[in-house]
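# Structural overview for review
The chain contents come next:
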Amino acid sequence: MNLCDVIDLQVKELLPDTKKMFDTGLVDIGLCGDYADVCRLIVDPRHAGRPEECILDIYERFADMKRTWGK
């Protein structure tokens, strides 16, 4: 299981272990974001359940991209 799977499955129980991974400095934040982003994605109900409930419109998607990459 990789970090993207943990996010997709919203495995809240793995947050402490996820934090330890980030603390090593070996996590590539370019793929999933920093620890705060990963936590937000794991606990955000918009990313849980049915895929149609977490699809963002174009403006929300753009705002999310700007937050993720800081531009």
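Owing to the predicted nature of the structure, the values given are computational and were not obtained by experimental measurement. (Residues numbered from 1 in each chain as written. Predicted model: local features only at pLDDT ≥ 70, side-chain atom pairs only at ≥ 80, totals over all residues. Heavy atoms only, no water.)

### Thoughts on the environment of Cys32
- Structurally, Cys32 is set in helix α3 (residues 29-32).
- When the C-alpha atoms of Cys32 and Ile7 are compared, they prove to be 8.7 Å apart, with 25 residues separating the residues in sequence.
- Those residues in contact with Cys32 that sit more than four places away from it in its chain are Leu3, Cys4, Ile7, Asp37, Val38 and Leu41. (Helix = DSSP H or I, 4+ residues; strand = E, 2+ residues; numbered from the N terminus. Contact = heavy atoms within 4.5 Å.)

### What to know about the environment of Asp37
- Checked against the element boundaries, Asp37 lands in helix α4 (residues 35-43).
- Note: C-alpha distance between Asp37 and Thr68 (31 residues apart in sequence) is 7.7 Å.

### Brief notes about the packing of aromatic side chains
- If you walk through the whole model with that rule in mind, you get 1 aromatic pair.
- Ring geometry for Phe22 against Tyr35: centres 5.6 Å apart, planes inclined by 65°, an arrangement best described as edge-to-face. One end of the pair, Phe22, is in helix α2 (residues 15-23); the other, Tyr35, is in helix α4, with 13 residues separating them in the sequence.
- Judged by relative accessible area, Phe22 falls into the buried class, the value being 13%. (Phe/Tyr/Trp six-rings, centres within 6.5 Å; stacked < 30°, edge-to-face > 60°. Buried < 20%, exposed > 50% of the residue type's maximum accessible area, 1.4 Å probe, protein only.)

### Regarding the packing of α2 against α4
- As a packed pair, α2 and α4 sit with axes 10 Å apart at the nearest point and diverge in direction by 160°. Looking at the two axes, α2 sits roughly antiparallel to α4. Crossing hand, α2 versus α4: right-handed. Counting all contacts with α2, which are made through Leu15, Thr18, Lys19 and Phe22, the residues of α4 involved are Tyr35, Val38, Cys39, Ile42 and Val43. (Axes fitted to C-alpha atoms, helices over the stretch in contact; angles between N-to-C directions. Parallel < 35°, antiparallel > 145°, perpendicular 65-115°, else oblique. Left-handed = near helix turned anticlockwise from the far one by under 90°.)

### Re α4
- Of the residues making up α4, those classed as buried are Asp37, Val38, Cys39, Leu41 and Ile42.
- Of the surrounding secondary structure, the elements contacted by the buried residues of α4 are α1 (3-9), α2 and α3.
- The opening residue of α4, the one whose side-chain oxygen lies 3.2 Å from the backbone nitrogen of Ala36, is Asp34. (Polar contact = N/O pair within 3.5 Å; in protein donor to acceptor, adjacent residues only side chain to side chain.)

### Quick notes on the pattern of salt bridges
- On inspection of all chains with the given rule, the structure shows 2 salt bridges.
- The shortest N-O distance in the salt bridge between Asp17 and Lys20 comes to 3.9 Å. In this pair, Asp17 and Lys20 are both assigned in helix α2, 3 residues apart and thus about one turn of the helix distant.
- Residue Lys20 is classed as exposed on the basis of its relative accessible area, which comes to 56%. (Salt bridge = Lys/Arg side-chain N within 4 Å of Asp/Glu carboxyl O.)

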